[in-house]
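The lines below spell out each chain.
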Amino acid sequence: MRALVFKDFGSVGVEDVPKPKLEEPGDALVRVTMSAICGSDLHVLHGRIPGMTSGGVLGHEFVGVVEQVSPEVTRFHEGDRVVGSFLIPCGQCWFCGRGLFSRCPDQRVFGYGSFFGDVAGAQAEYVRVPKADLTLHSLHSHLTDEHALFVGDIFTTGYDCAVEAQIRQGDTVAVVGCGPVGLMSILAARTFGPEKIYAIDTVSQRLEMAQTFGAIPVDGTAVHAPSHIQDVTGGRGADEVLECVGTVPALLDAIDIVRPGGRISVIGAHSDPDLPFALNLTFVRAVDLKFCGTANIPGRWDDALEMIDSGRAHPDEIISHRMKLDDAARGYELFESREAMKVVLTP
């Protein structure tokens, strides 16, 4: 089969690789009908997420059709249309038993290499899906692949961030970082009825998209974002801040933007070992700082799919480029250079 593989740091290519087979109890084999390139795929490409070896198949956002299931799979059958979670929980531990799938100590991720279970990715014609009863979700026939694709990662991740922010009707929300997850967080936050959502970024294309999603754009190259949010809220600050970047400067800005007694929900993936910030001032202001960690996709995607099914959210609007799998290497170039908002691939 054809698949997009990791060749070396900074290098990918589409090659012929063996078609996957069922290997473990609970496996399913899915024929991929659409996949997507995600920002965290770039982390794998450049070694920020270690453990990928040459020839490993990348990709973790996908929809497809079940081709084969092992006897232990009870929820899916040949011919079912499904969307896959990027996260593969074990389904047996204390956390999984309580629906806290993203806290599972044995979780795996598609296309992330040996540090995350060494499961081949889905930017391919076929993908093996471990723990299929948990890792797949069936799709209604009226939902297109593009409608459902992002439920397995970025849309449900954005929804997870918005839920953890505890947004209330009439609140003022600030979203720091308007990449794909930030934009999905705006879509999700809007469903909770805030009065205003401010979208903060430095890339004009992202700010334009945020505005079409109903947010008020704040260009970080033109204004000092924390001061600006203070000004437009009468010196109070935002009630909730959704930090969707994953860098120390972004988190420090979020701390400066939130009002006293407000809440920061952090979904940006942080890798820095230290965070130097004014702990005394943050304590006095009674800031509630919530690190979401890995998004709980299997625990949230029922609600996320309902939002799409009801027409309250349209995450497919983020798609900027539609390409064939054989052109995936070019898709990575566009995504990395920020010429593409979101790239989807079809076999």
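Residues numbered from 1 in each chain as written. Predicted model: local features only at pLDDT ≥ 70, side-chain atom pairs only at ≥ 80, totals over all residues. Heavy atoms only, no water.

Bringing the sheet that holds strand 14 (residues 258-266) into the picture now. With respect to topology, 6 strands assemble into an open sheet ordered 12-11-10-13-14-15, the strand pairing being parallel. At either end of the open sheet lies a strand with only one pairing partner, and these are strand 12 (216-219) and strand 15 (288-291). Strand-to-strand twist of the sheet, defined as the mean angle between neighbouring strand axes without regard to direction, takes the value 20 degrees. Taken together, the 4 bridges between strand 10 (residues 172-176) and strand 13 (residues 238-243) define a ladder with parallel strand orientation. Bridge assignment links Val 176 to a residue of strand 13, and that residue is Glu 243. Against the sheet, helix 6 (residues 180-190) touches strand 10, strand 11 (196-201) and strand 13, its axis set at about 175 degrees to strand 11. (Pairing = 2+ DSSP bridges. Helix = DSSP H or I, 4+ residues; strand = E, 2+ residues; numbered from the N terminus. Axes fitted to C-alpha atoms, helices over the stretch in contact; angles between N-to-C directions. Contact = heavy atoms within 4.5 Å.)

The next subject is helix 12 (residues 328-336). Along helix 12, the residues that are buried comprise Ala 328, Gly 331, Tyr 332, Leu 334 and Phe 335. The arc enclosing the buried residues of helix 12, seen along the axis, measures out at 165 degrees, which places them on a common side. Where helix 12 terminates, the next one or two residues include Arg 338, which has phi positive at roughly 65 degrees. (Buried < 20%, exposed > 50% of the residue type's maximum accessible area, 1.4 Å probe, protein only. Arc of directions from axis to C-beta.)

Turning our eyes to something else, we now look at unusual backbone geometry. Positive phi is not limited to glycine here, since Lys 131 has a value of about 50 degrees. Residue classification places Lys 131 among the partly exposed residues on the basis of a relative accessible area of 25%. Residue Gln 166 is not a glycine yet carries a positive backbone phi of 60 degrees. Within the secondary structure layout, Gln 166 lies in the loop between helix 5 (154-165) and strand 10. Relative accessible area serves as the criterion here: at 47%, Gln 166 is assigned to the partly exposed category.

For the rest of this paragraph, the subject is the environment of Thr 247. Residue position: Thr 247 is located in the loop between strand 13 and helix 9 (248-257). In the structure, Thr 247 is positioned 25 residues away from Asp 272 in sequence and 7.6 Å away in space, judged by C-alpha atoms.

Before going further, it helps to examine the packing of helix 5 against helix 6. Look at helix 5 against helix 6: their axes get within 7 Å of each other, and the N-to-C directions meet at 60 degrees. It follows that helix 5 is oblique to helix 6 by the angle criterion. At the point where helix 5 passes helix 6, the crossing takes the right-handed sense. Judged by residue contacts, Ile 154, Phe 155, Thr 157, Gly 158, Tyr 159, Cys 161 and Ala 162 of helix 5 engage Pro 180, Val 181, Met 184, Ser 185, Leu 187, Ala 188 and Ala 189 from helix 6. For the contact of helix 5 with helix 6, the per-class residue count stands at 11 nonpolar, 3 polar and no charged. (Parallel < 35°, antiparallel > 145°, perpendicular 65-115°, else oblique. Left-handed = near helix turned anticlockwise from the far one by under 90°. Nonpolar A, V, L, I, M, F, W, Y, C, P; charged D, E, K, R; others polar.)

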